[in-house]
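In case you want the letters, here they are:
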Amino acid sequence: MKLVAPPGSTPVIDGHSAALHDMRRVSVSTPAGVQLNVYLGGFDIEKFSTTAFAAAGIACPPGVARSVHKRQAEFYFGRWAARQALDALGISAFEVGIGASRQPMWPVDVIGSISHTHAYAAAVALRHGECSGVGIDLEHIAGPDASAALSATTVDAIERRYLETLTHLLPTSALLTAVFSAKESLFKAAFNAVGRYFDFSAASVFLVDLRQGVIRLRLTETLCDAFVCGQVCEIGFCFIEPDVVLTYFAW
C-alpha cells in the first residue's frame, strides 16, 4: 500500500477547506492484482458548511438537503472524493448521481465506488474494461455495542467460531468490523451484476490473512451468473489508521 499526495487537479474549495484536514491517494493492489487508486479525505463534520456544495459545484439532492448535518457532510465529501477519482481519469465536471437503489451513477464507461464514515470519505474509479466491478468500504472499528450488533447480523455461528481463533492477532471488534467491511465491498462490486440487494448471509468468511491483507469469502448462494454458490471472493484490506479499516474488491 502506498500513501501519496493526490494529483491536485481539483482545488480545495473555500466552503470545505476548514473541514477537510487530510487528502491522500491510497494505492493498493487487490488480491487478484488489480491496481486501485483510492482517493481519501478526512474531514471534521462540525467545521463543514453546506455552502461548500454551491462553491464546489456539487449538487445537493433534495433528500440530502433535508437531512441532518452529518449526512450532508458525508455526502458532500463522498462526492468530492469521487471527483478526485474521475479527475485522475481525465473526466471533469461530471455529477455522480444517485440511482434507483441509491447507488452512485458513474459515467457510462466508468465503474466506481464511494464510501464514507463520520470522519473519512473515499472513492475509486476505473475505466470500464479494466474489470467488471469494483467496491470499497471504510469503517471505524466498532465499539462494544456495535460489535455485538455485527456479531448478531453480519456473521453466523460458524463464522464467529472461526474469528474466535484469531483473537490473539486482532481484537474481536476489529475482526468483526473488517469482515463486515469486506462483505460491504463485495456487495458494492457485485451490485450492478446482481441487480438486487442481498444479505450478509450470502457470503461466509473462512480466512482472514493479516500478513497478506486478504479476507476470503465463500458464496453460500448463487447471486447471478458471475457470482455462483461456492465461489471464493478475495477481498483486500488494510488499516489507513489504527482504528479505520479499508477493504477493496474488484472482479
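First, a word on scope: everything that follows refers to the structure included in this document. Within each chain, residues carry numbers counting from 1 in the order of the written sequence. Local features in a predicted model are, by the rule used here, given only for residues with pLDDT of at least 70; side-chain atom pairs are given and counted only at 80 or more, and totals for whole chains, interfaces and linings are based on all residues. Hydrogens and water are ignored here; the side-chain numbers use all heavy atoms of the structure.

1. Considerations on the packing of aromatic side chains
Next, step 1: The criterion for an aromatic pair is that two Phe, Tyr or Trp rings (for Trp, the six-membered ring) have centres within 6.5 Å, with stacked assigned to planes under 30 degrees apart, edge-to-face to planes over 60 apart and tilted to the rest. This model, assessed by the stated rule, comprises 15 aromatic pairs.
Next, step 2: Ring plane angle 20 degrees and centroid distance 5.4 Å describe the contact between Phe187 and Tyr197, whose orientation is recorded as stacked. With Phe187 in helix 6 (residues 172-194) and Tyr197 in the loop between helix 6 and strand 9 (203-209), the pair connects residues that are ten residues apart, well separated along the chain.
Next, step 3: Here Phe187 and Phe198 contribute two aromatic rings whose centre-to-centre distance is 5.1 Å and whose plane-to-plane angle is 55 degrees, an arrangement assigned as tilted. Of this pair, Phe187 sits in helix 6 while Phe198 is found in the loop between helix 6 and strand 9, placing the two residues eleven residues apart along the sequence.
Next, step 4: Relative accessibility decides the category of a residue: with a 1.4 Å probe and only protein chains considered, values under 20% of the type maximum give buried, values over 50% give exposed, and everything between is partly exposed. Among the residues examined, Phe187 registers a relative accessible area of 16% and is labelled buried. A run of H or I in DSSP becomes a helix once it reaches four residues, and a run of E becomes a strand once it reaches two; helices and strands are each numbered from the N terminus.

2. What to know about the nonpolar core
General note: in soluble globular proteins, nonpolar side chains tend to be found buried as a group.
Next, step 1: Judged by nonpolar contacts, the single largest core of 36 residues is most densely connected at Leu163, Leu186, Val208, Ile215, Leu217, Phe227 and Ile235.
Next, step 2: Listed by contribution, the elements that provide at least two residues to this core are helix 5 (157-164), helix 6, strand 9, strand 10 (214-219), strand 11 (232-241) and strand 12 (244-250).
Next, step 3: The greatest single-element share of this core, amounting to 13 residues, is contributed by helix 6.
Next, step 4: Between two residues, a contact is recorded if the distance between any of their heavy atoms is within 4.5 Å. If near-sequence neighbours (up to four positions away) are discounted, Leu217 is found in contact with Ala182, Lys183, Leu186, Ala203, Ser204, Val205, Phe206, Gln231, Val232, Cys233 and Ile235.
Next, step 5: Residues enter a nonpolar core if they are buried and are Ala, Val, Leu, Ile, Met, Phe, Trp, Tyr or Cys, with the set joined through side-chain atoms within 4.5 Å. Of all hydrophobic cores here, the second largest spans 28 residues; its members include Tyr39, Tyr76, Val110 and Ala121.

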